[in-house]
Amino acid sequence: MDSLFVLTILIVIFALAFDFINGFHDTANAIATSVSTKALKPRHAIILAAVMNFIGAMTFTGVAKTITKDIADPFKLDNGLVVILAALIAGIAWNLITWYYGIPSSSSHAIIGAIAGAVIASSGFGAINYNGFIKIIEALLISPILAFVVGFIMYTIIKLIFKDSNLSKTNKQFRRVQILTAAVQSYTHGTNDAQKAMGIITMALIAANLQETDEVQFWVQLACAIAMGLGTSIGGWKIIKTVGGKIMKIRPVNGVAADLTGAAIIFGATYIHLPVSTTHVISSSILGVGSAHRVKGVKWGTAQRMIITWIITLPISAALGAIMYFILDLFL
């Protein structure tokens, strides 16, 4: 069997595995607040997230095209299939490490850093598409800051509107609303995160000369949506505990504000075809809401650990991608 075809099949398998792991790694982000406030039982929350992630993944392909062509040109990439396989293995490894330790790190940072590292290892720094790559990095860096600010403003507005309301009645009402906001946030998660694997598979198909455009084929979109949905159905309980309880004590009104903020930022990025870290957007939304509610109520030690992970994931995954490329290049 042709070695290029075998490599392409391997990449499709690893890309779907990455998407699956992304699903259970990032499930927590979309449903952690609704689980922690008991708006939804964990099992119901995961089913809801799985279904909405699948629907979201089937809706858009713009982010996939950005991943396909904006980090490096797949039509000119030397040893492209090995580059992509190395990036996937590195991204999966980092996701599993951070999942094991319950750290809400970014799958987006991991795979984008790993692709860049593998590309540089293969063809040097000149092979990076700097205009596109810088645009992606800017989106990854700005989106959590924007989520913090919008979360702060969102909760401040809600607090002013309901300042004279009965607390127990308000919490009961917002607990019901949280079911809807959890669904919306899960949907937006699917619209952005599942597309990263779609972009990688499309990149591989181009590198293997199996397609000539950056259009995402329907089978690729469907396979990635299914993988994301199945991964989501597994759940990520360690990260749910971190996002849902170790940042701040979340009440239903806080959860609604954080969910709406996260969904708005993620969907806005999807709309303009930019990949963002859903993990960091949602966590930053909670931090912004917590700061507006009561600064001393935020567990800043957890926030500090998340920020450190946010900073180190790109360079570490880039290094892992480069190392994995050198290893694979020896044997393939």
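Predicted model only: the values in this text are computed from it and were never measured.

Across its full length, the chain holds 12 helices and 0 strands. Counting from the amino terminus, helix and strand elements in the chain follow one another as α-α-α-α-α-α-α-α-α-α-α-α. Along the first, second and third principal axes, the C-alpha atoms of the chain reach 70 × 35 × 35 Å. The 332 residues of the chain split such that 57% are buried. Contacts in the chain between residues far apart in sequence, at least 24 positions, make up 87% of those at least 6 positions apart. Summed over its atoms, the accessible surface of the chain is roughly 13,700 Å², and 70% of this surface lies on carbon and sulfur atoms. Charged side chains of the chain number 23 positive and 14 negative; the gap between the two group centres comes to 26 Å.

A few words now on the nonpolar core. Counting 54 residues, the largest nonpolar core has Leu 88, Ile 112, Ile 115, Met 198 and Ile 200 as the members making the most contacts within it. Looking at this core, the elements that each hand over two or more residues are helix H1 (3-36), helix H3 (62-70), helix H4 (80-100), helix H5 (107-123), helix H6 (130-161), helix H7 (167-207), helix H8 (218-234) and helix H12 (300-331). In terms of residue count, the dominant contributor to this core is H4 (10 residues). In this structure Ile 112 touches Ile 67, Ile 71, Phe 133, Ile 136, Leu 140, Pro 275 and Leu 314, once residues within four positions along its chain are discounted.

Further remarks concern the environment of Leu 85. Along the chain, Leu 85 falls in helix H4. For the pair Leu 85 and Leu 287, spaced 202 residues apart in sequence, the C-alpha to C-alpha distance is 36 Å.

When you line up the elements, Thr 170 lands in helix H7. With sequence-adjacent residues up to four places away left out, Thr 170 is seen in contact with Phe 162 and Ser 165.

A few words on the pattern of salt bridges. Scanning all chains against the criterion turns up 4 salt bridges. Between Glu 215 and Lys 65 there is a salt bridge, with the nearest N and O atoms lying 2.8 Å from each other. Taken as a pair, Glu 215 in the loop between H7 and H8 and Lys 65 in helix H3 lie far apart in primary sequence, 150 residues in all. One network of salt bridges, in which partners are shared, links Lys 69, Asp 70 and Lys 135.

Moving on, we come to unusual backbone geometry. The phi angle at Asn 79 is positive, at roughly 55°, despite the residue not being glycine. As for its placement among the helices and strands, Asn 79 is situated in the loop between H3 and H4.

The next point concerns helix H2 (residues 42-57). Residues separated by three or four positions in an α-helix point in the same direction, a consequence of the helix having 3.6 residues per turn. Between the first and last C-alpha of H2 there are 22 Å, a value that for 16 residues agrees with the 22 Å anticipated at 1.5 Å per step. Taken residue by residue, H2 has Ala 45, Ile 46, Ala 49, Ala 50, Met 52, Asn 53, Gly 56 and Ala 57 as its buried positions.

By the definition in use, this model includes 3 aromatic pairs. Seen from their ring centres, Phe 60 and Phe 267 are 5.7 Å apart, and the 70° between their planes marks the pair as edge-to-face. Placement of Phe 60 in the loop between H2 and H3 and of Phe 267 in helix H10 (residues 252-271) is noted, with a sequence separation of 207 residues between them. Note on Phe 60: relative accessible area 25%, which makes it partly exposed. According to the relative accessible area criterion, Phe 267 is partly exposed, its value standing at 31%. Their ring planes at 65° and their centres at 6.0 Å tell us that Tyr 325 and Phe 326 sit as a pair that is edge-to-face.

The N-to-C vectors of H4 and H5 enclose an angle of 145°; their axes lie 8 Å apart at closest approach. Seen along the crossing, H4 lies across H5 with a hand that is right-handed. Where H4 abuts H5, its residues Val 83, Ala 86, Ala 87, Leu 88, Ala 90, Gly 91, Trp 94 and Asn 95 lie against Ser 107, Ala 110, Ile 111, Ala 114, Ile 115, Ala 118, Val 119 and Ser 122. Taken together, the residues that form the contact of H4 with H5 break down as 12 nonpolar, 4 polar and no charged.

Of all residues in the chain, 92% attain a pLDDT of 70 or more, and the chain-wide mean is 87. Summarising per-element confidence for the chain, the mean pLDDT is lowest in helix H9 (residues 237-246) (52) and highest in H3 (95).

Moving on, we come to H4. Taking 1.5 Å per residue as the helical rise, H4 with its 21 residues ought to reach 30 Å, and the 30 Å between its terminal C-alpha atoms agrees with that figure. A large share of H4 lies buried, amounting to 15 of its 21 residues.

Rules and cut-offs
- Along each chain, the written sequence defines residue order, and numbers are assigned to residues from 1.
- In keeping with the predicted nature of the model, local features appear solely for residues at pLDDT of at least 70, side-chain atom pairs appear and are counted solely at 80 or more, and the whole-chain, interface and lining totals rest on all residues.
- Only hydrogens and water are removed before side-chain values are computed, so all heavy atoms of the structure are retained for them.
- What counts as a helix is a DSSP run of H or I of at least four residues, what counts as a strand is a run of E of at least two, and both are numbered from the N terminus.
- Only protein chains enter the accessibility calculation, which uses a 1.4 Å probe; a residue whose area is less than 20% of its type maximum is buried, one above 50% is exposed, and one in between is partly exposed.
- Contacts are assigned to residue pairs that have any heavy atoms within 4.5 Å of one another.
- Surface accessibility follows the Shrake-Rupley procedure with a 1.4 Å probe radius. Residue values consider only the protein chains on display as shielding.
- By the counting scheme adopted, Arg and Lys are positive, Glu and Asp are negative, and His together with the chain ends is not counted.
- Working definition for charges: the position is that of NZ of Lys, CZ of Arg, CG of Asp or CD of Glu.
- Here, nonpolar core refers to any group of buried Ala, Val, Leu, Ile, Met, Phe, Trp, Tyr and Cys residues whose side-chain atoms link them within 4.5 Å.
- Salt bridges are identified by distance alone: a Lys or Arg side-chain nitrogen within 4 Å of an Asp or Glu carboxyl oxygen.
- For a helix, the expected span equals 1.5 Å multiplied by the number of residues minus one.
- Two rings belonging to Phe, Tyr or Trp (six-membered ring only in the last case) form a pair when the distance between their centres is within 6.5 Å. Interplanar angles under 30 degrees mark stacking, angles over 60 mark edge-to-face geometry, and anything in between is tilted.
- Note on definitions: angles span 0 to 180 degrees between N-to-C directions of axes, and those axes are lines fitted to C-alpha atoms, for helices only across the stretch in contact.
- In a left-handed crossing the near helix is turned counterclockwise from the far helix by less than a right angle, and in a right-handed crossing that turn is clockwise.
- Residues were grouped as follows: Ala, Val, Leu, Ile, Met, Phe, Trp, Tyr, Cys and Pro as nonpolar; Asp, Glu, Lys and Arg as charged; and all remaining residues, including Gly, as polar.
- Values of pLDDT, ranging from 0 to 100, describe the predictor's confidence in every residue of the model.

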